[in-house]
Amino acid sequence: MKVFDNTTKKIFLASWVWINQQEVTKTHPQPLQNPTSPGGWDLFQPLRRWLDSIKISDRQFAHRLCQLIPAQCPFERDINLFGKTLFHIPPLCKLNPLYEEVVSLRFRAMCYLADECGEDVTQYC
């Protein structure tokens, strides 16, 4: 007698799920709530719109943005003592409520320099 013969039948039967077609047609999907604003009002929304609406059309402005906005979080560190790592400080930049918009602005500046100006942007990576 093989163990495989007994277990595969049980697994096979347990994996079947029957869906009633009437229940599927009655359900309506609910729109998702915005996770950043549980109360329905986001304090940073005007600032987010302003950052997203910034148009990059100047080479010097794009260079300045790429220099000012770091590519990696500058707060992430390993604290070492006598060659042993005591603890690790995680990247804290993602705690910034405008992190996605600032990173997007830097990305748009790099794309402008690469696509429109034809410059090499590897110095900012």
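Quick note: structure is the one above.
Residues numbered from 1 in each chain as written. Predicted model: local features only at pLDDT ≥ 70, side-chain atom pairs only at ≥ 80, totals over all residues. Heavy atoms only, no water.

A. Expanded view of the nonpolar core. Ranked by internal contacts, the top residues of the largest apolar core, which has 16 residues, are Ile-56, Leu-105 and Leu-113. Put simply, the parts of the chain that give this core at least two residues each are α4 (59-68) and α5 (99-116). With five residues, the single largest contributor to this core is α5. Non-local contacts of Leu-113, meaning those with residues more than four positions away in its chain, are made with Arg-59, Ala-62, His-63, Cys-66, Gly-118, Glu-119, Val-121 and Tyr-124. (Core = buried A, V, L, I, M, F, W, Y, C linked by side-chain atoms within 4.5 Å. Buried < 20%, exposed > 50% of the residue type's maximum accessible area, 1.4 Å probe, protein only. Helix = DSSP H or I, 4+ residues; strand = E, 2+ residues; numbered from the N terminus. Contact = heavy atoms within 4.5 Å.)

B. Layout of a nonpolar patch on the surface. On the surface, a nonpolar cluster with roughly 600 Å² of combined accessible area is contributed by Trp-41, Leu-43, Phe-44, Leu-47 and Trp-50. For Trp-50, the position within the fold is in helix α3 (residues 45-53). (Patch = residues over 30% accessible without salt bridge, like charges linked within 9 Å, V, L, I, M, F, W, Y side chains within 5 Å. Areas by Shrake-Rupley, 256 points an atom, 1.4 Å probe, with all protein chains shown as cover. Salt bridge = Lys/Arg side-chain N within 4 Å of Asp/Glu carboxyl O.)

C. Representation of α5. With 18 residues, α5 ought to run about 26 Å at 1.5 Å a step, and its terminal C-alpha atoms sit 25 Å apart, in line with that. For α5, the full list of buried residues reads Glu-101, Leu-105, Arg-106, Ala-109, Met-110, Tyr-112 and Leu-113. Where the residues of α5 are buried, they touch α3 and α4. Within two residues after α5, Gly-118 carries a phi angle of roughly 70°, on the positive side. (Expected span 1.5 Å × (residues − 1).)

D. Examining the side chain of Glu-101 more closely. Inspection of the secondary structure puts Glu-101 in helix α5. No salt bridge is formed by the buried Glu-101, whose closest oppositely charged neighbour, Arg-48, lies at an N-O distance of 4.2 Å. (Lys, Arg positive; Asp, Glu negative; His and termini not counted.)

E. Representation of the pairing of strand β1 (residues 77-81). Strand direction decides the pairing type here: β1 and strand β2 (residues 84-89), joined by five bridges, are antiparallel. For Ile-79, the partnering residue across the bridge sits in β2 and is Phe-87. A loop of two residues connects β1 with β2, the two strands running antiparallel in sequence, and Phe-82 in this loop sits at a positive phi of about 55°. (Pairing = 2+ DSSP bridges.)

This is a description of form; function is not addressed.
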